[in-house]
Amino acid sequence: MPALSEKAALVHQRRFMYNWQLLKDSGNDTFRSPLCQTSRRGAVTIGQGKPLPMSESRRIIHVDMDAFYASVEQLDNPDLAGKAVIVGGDPKRRGVVSAASYEARKFGVHSAMPTSQALRLCPEAIVLPVRMKRYVEVSRHIHAVFEKFTPQIEPISLDEAFLGVTGSLRLFGSAEEIGRTIKDQIKEQLHLVASVGIASNKFLAKLASDLDKPDGFVIIAEEDKQQILDPLPVGRIWGIGKVTEKALKSERIDTIEQLRKTPTEVLRRIFGEQTAHVLRLARGIDDRKVESWREARSISSEQTFATDITDKDILLGVLLGQVEDVAQRLRMNNLEAKTITLKLRYDDFRTVTRSRTFAGPTDVTAALWQQAREALLKWHKRSAGPLRLLGFGVSGLQKAGSGQRQLFAEPEREKQKRLDKAFDQIRGKFGRDALRRGK
Ligand code: TTP
Ligand code: MG
Ligand code: MG
């Protein structure tokens with residue numbers, strides 16, 4: 001790098017290594033969606049090239065609908081707007097409250113309370129039965145809004161999800177803008193109110209969405225987190241339920257500040273092995289990933305070349321080996337994939353991805369290879385720059401045999417399956433270089 005001073009070169013190198021580490025940390029050898037990957041690299045180095053620790057640089061949004069079932073009932077029947085609405089079981093049959101509109105909550109009504117008790121507190125309340133099918137339908141529409149902004153969606157329940165948006169920042173602006181847009185779109189398109197919380201981790205994001213309900217929009221900045229956490233009751237920490245709260249109370253530990261200042265020995269008596277975890281949460285640290293169901297897991301293989309490569313046939317040869325590796329790992333794990341992704345890194349570290357999605361999932365090497373080959377050839381035709389790295393990955397994984405077959409007619413598929421089985425067996429016996437197909 002002759003154009004860079006020595007120091008700049010070092011910074012450059014460190015930054016690259018850090019990014020690389022981050023990608024590795026983000027799930028060992030996983031392929032993220034193109035959206036996540038490019039932005040993730042850009043999002044972690046802030047300021048003077050000084051990388052933020054992973055735990056503080058993530059942006060996570062938690063969305064939770066206000067009085068969900070009750071709000072849907074009010075939406076479907078405008079006469080109920082502004083009224084005390086309870087969705088739940090019949091009071092005569094010892095039913096309980098599933099959801100209560102905020103109008104009913106003023107009277108002290110809340111979820112899980114016997115409906116009969118709720119009616120004593122709020123005699124004017126209108127009690128309606130649960131219409132699960134309808135809530136599921138609305139939930140799908142809410143998810144459709146999320147999906148416009150990120151593939152990393154972890155649904156917690158019908159009315160609630162975590163969204164990993166670190167990778168979306170380049171495309172859609174700040175997490176605040178994304179959160180605000182999601183909230184606005186849910187309001188405009190579905191006429192429902194969502195409370196939104198934004199922070200660097202799941203624990204804080206969920207806490208944030210609840211801090212100013214209903215109609216909340218709260219961002220917890222890293223520098224403010226301790227101040228926000230400290231005065232809160234210990235019960236706000238995940239995993240601290242009523243029983244634990246009582247045990248803590250008897251030790252005069254009521255707030256999160258008191259908890260984090262309590263000697264570890266005392267906490268260990270209450271939390272046992274969980275002590276360190278609880279203390280981390282009390283300090284606003286939570287490294288848990290947003291576990292998206294769609295992208296679920298992925299399998300990939302990649303190679304960095306000693307010298308940059310432009311030659312099509314050499315690249316195809318490398319790719320074929322990767323496809324075979326990945327396909328074999330798919331089969332070993334009894335999985336099938338819906339999507340293939342090529343990762344191409346140019347000599348200047350620019351990285352692009354090329355993805356293709358099958359109509360139905362597959363674990364057949366020939367099918368994966370067909371798509372991978374075509375994708376590489378198409379890329380090569382248009383923009384064949386020298387590559388320093390080539391990778392192949394599959395995602396959209398599901399258990400083998402659960403999807404429909406569309407790629408090969410049945411006899412051809414059976415033939416391919418037998419071929420793959422023989423291939424796996426020979427490789428298993430003689431090592432991975434024992435066998436390679438023709439390109
Ligand atoms: P929550 O999000 O906990 O509650 P909510 O949406 O009614 O109210 P808010 O978030 O504004 O505090 O739960 C979502 C839905 O799940 C709720 O509308 C009904 C259902 N539910 C039950 O059926 N039983 C319960 O005990 C709880 C807590 C919720
Ligand atoms: Mg809710
Ligand atoms: Mg909820």
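What counts, and at which threshold
Residues numbered from 1 in each chain as written. Chains lettered and ligands numbered in written order. Predicted model: local features only at pLDDT ≥ 70, side-chain atom pairs only at ≥ 80, totals over all residues. Buried ≥ 20, exposed ≤ 12 C-beta atoms within 10 Å, placed from the backbone. Helix = DSSP H or I, 4+ residues; strand = E, 2+ residues; numbered from the N terminus. Pairing = 2+ DSSP bridges. Right-handed = clockwise from strand over helix to strand, strands pointing away. Near = placed C-beta within 6 Å. Nonpolar A, V, L, I, M, F, W, Y, C, P; charged D, E, K, R; others polar. Axes fitted to C-alpha atoms, helices over the stretch in contact; angles between N-to-C directions. Contact = placed C-beta atoms within 7 Å. Core = buried A, V, L, I, M, F, W, Y, C linked by C-beta atoms within 7 Å. Parallel < 35°, antiparallel > 145°, perpendicular 65-115°, else oblique. Left-handed = near helix turned anticlockwise from the far one by under 90°.

1. Points about the pairing of strand S9 (residues 194-199)
Working step 1: Burial runs high along S9: six of the six residues are buried.
Working step 2: Sheet analysis places strand S3 (residues 60-65) next to S9, joined by six bridges and oriented antiparallel. By the bridge assignment for S9, Ile-61 is matched with Ile-198.
Working step 3: Of the pairings in the sheet, the one linking S9 to strand S10 (residues 217-219) comprises three bridges and is parallel in character. When the sheet's bridge partners are listed, Ile-198 is paired in S10 with Ile-219.
Working step 4: Traced from S9 through helix H10 (residues 202-211) to S10, the parallel crossover comes out left-handed.

2. Topic: the site of ligand 1
Working step 1: Close contacts around ligand 1 come from 15 residues, with Phe-68, Tyr-69, Ser-98, Ala-99 and Ser-111 the closest.
Working step 2: Its residues placed into classes, the shell around ligand 1 shows seven nonpolar, three polar and five charged.

3. Focus: the sheet that holds strand S11 (residues 299-309)
Working step 1: In spatial order, the strands read S11-S14-S12-S13; together these four strands make up an open sheet with antiparallel pairing. Lying at the two open borders of the sheet, with one neighbouring strand each, are S11 and strand S13 (351-362). Shown here is a sheet whose adjacent strand axes are inclined to one another by a mean of 15°, direction ignored.
Working step 2: Along the sheet, helix H17 (residues 365-383) makes contact with strand S12 (335-346), S13 and strand S14 (387-399), crossing S12 at roughly 25°.

4. Here's the deal with the nonpolar core
Among soluble globular proteins, nonpolar side chains are generally buried collectively.
Working step 1: By size, the foremost hydrophobic cluster in this structure holds 60 residues, and its most contacted members are Ile-61, Ile-86, Ala-100 and Leu-163.
Working step 2: Take this core: its biggest share by element is five residues, from H10.
Working step 3: Excluding anything up to four places from it in sequence, Ile-61 contacts Leu-163, Val-165, Ala-175, Ile-178, Gly-179, Val-196, Ile-198 and Ala-205.
Working step 4: Counting 25 residues, the second-largest nonpolar core is a separate cluster that includes Val-318, Leu-342, Leu-368 and Phe-392.

5. Overview of the packing of helix H7 (residues 132-147) against helix H9 (residues 175-190)
Working step 1: With their axes 10 Å apart at the nearest point, H7 and H9 run at an angle of 140° to one another. Relative to H9, H7 is oriented oblique. Between H7 and H9 the crossing geometry is right-handed. Note on element contacts: H9 touches H7 through Ile-182, Gln-185, Ile-186, Gln-189 and Leu-190, opposite Val-138, His-141, Ile-142, Val-145 and Phe-146.
Working step 2: In terms of residue class, the contact of H7 with H9 is made up of seven nonpolar, three polar and no charged.

Function cannot be inferred from these measures alone, as they are strictly geometric.
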